[in-house]
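Below, each chain spelled out in residue letters.
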Amino acid sequence: MAAYLGMYEEPSDMTRQQERHYHLLSELQSLVKGLSSSFQQRLSYTTLSDLALALIDGTVFEIVQGLLEIQHLTEKNLYNQRIKLHAEHRGLKQELLKKHKEALQMCKPHNLSLLRASQQRELEALEQRIREEQRMMDEKIVLELDQKVIDQQSTLEKAGVSGFYVTTNPQELTLQMNLLELILKLQQKESSKSKTYS
């Protein structure tokens with residue numbers, strides 16, 4: 001009789017975790033089919049199984065969401081800094097051209113060629129300064145975005161997400177981006193399912 005009662009018991013946590021693992025693994029395998037064949041080959045069953053294990057409790061989904069929010073805020077901030085610098089440069093150039101125009105109107109005809117040459121040098125110096133400041137801003141943006149990538153890789157590696165470690169290898173970065181895309185797509189599927197059931 002005890003054996004029959006066992007059939008009606010709740011599944012154990014271990015059984016639920018195994019079912020969740022198989023479910024996530026199956027979902028990941030179907031999502032991988034949407035990737036290029038070269039990346040499908042690089043994502044072995046073991047890698048996907050390890051990824052599914054890391055995703056079981058939902059913590060990694062939350063980590064990825066947090067990293068994405070930080071990345072979007074950083075990108076927005078850097079974009080705004082660049083726009084502000086561009087506006088400052090436009091203002092400086094307009095101010096200089098206005099000053100030049102006023103000087104030309106007040107200039108005596110015999111000094112005109114000297115004034116124009118001087119103004120040309122002044123304008124070229126400003127344009128050179130603008131180019132240099134824009135180049136420095138762009139370098140700062142690239143360095144800051146590269147640092148964000150390293151932070152993301154490190155965070156996901158510490159969280160035990162398979163395939164993530166700090167690297168600058170373009171192929172590995174693309175693979176990690178594909179893994180992130182898989183995690184995000186799976187998260188969307190999972191959240192739309194939970195909304196359906198609630």
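Residues numbered from 1 in each chain as written. Predicted model: local features only at pLDDT ≥ 70, side-chain atom pairs only at ≥ 80, totals over all residues. Heavy atoms only, no water.

1. Section: the nonpolar core
- L28, L43, L55, L182 and I183 are the most contacted members of the largest nonpolar core, which totals 27 residues.
- Mapped onto this core, the elements with two or more residues apiece are helix 2 (13–32), helix 4 (45–55), helix 5 (59–106) and helix 7 (170–197).
- The biggest single contributor to this core is helix 7, with six residues.
- Among all residues touching L55, those that are not within four sequence positions of it are R20, L24, L28, V60, F61, I183 and L186. (Core = buried A, V, L, I, M, F, W, Y, C linked by side-chain atoms within 4.5 Å. Buried < 20%, exposed > 50% of the residue type's maximum accessible area, 1.4 Å probe, protein only. Helix = DSSP H or I, 4+ residues; strand = E, 2+ residues; numbered from the N terminus. Contact = heavy atoms within 4.5 Å.)

2. Concerning the UniProt feature "coiled-coil region" (unreviewed entry) in the chain
- UniProt's entry tags residues 116–143 with the feature "coiled-coil region" (unreviewed entry), counted in the numbering of this structure.
- Helix makes up 100% of residues 116–143 and strand makes up 0%, while its end C-alpha atoms are separated by 40 Å. (UniProt positions renumbered as here; feature names shortened; annotations may be inferred.)

3. Structural notes on the packing of helix 5 against helix 6 (residues 112–158)
- Following both chains from N to C, one finds helix 5 and helix 6 inclined at 175°, their axes separated by 11 Å at the closest point. The angle between helix 5 and helix 6 places the two elements in the roughly antiparallel class. (Axes fitted to C-alpha atoms, helices over the stretch in contact; angles between N-to-C directions. Parallel < 35°, antiparallel > 145°, perpendicular 65-115°, else oblique.)

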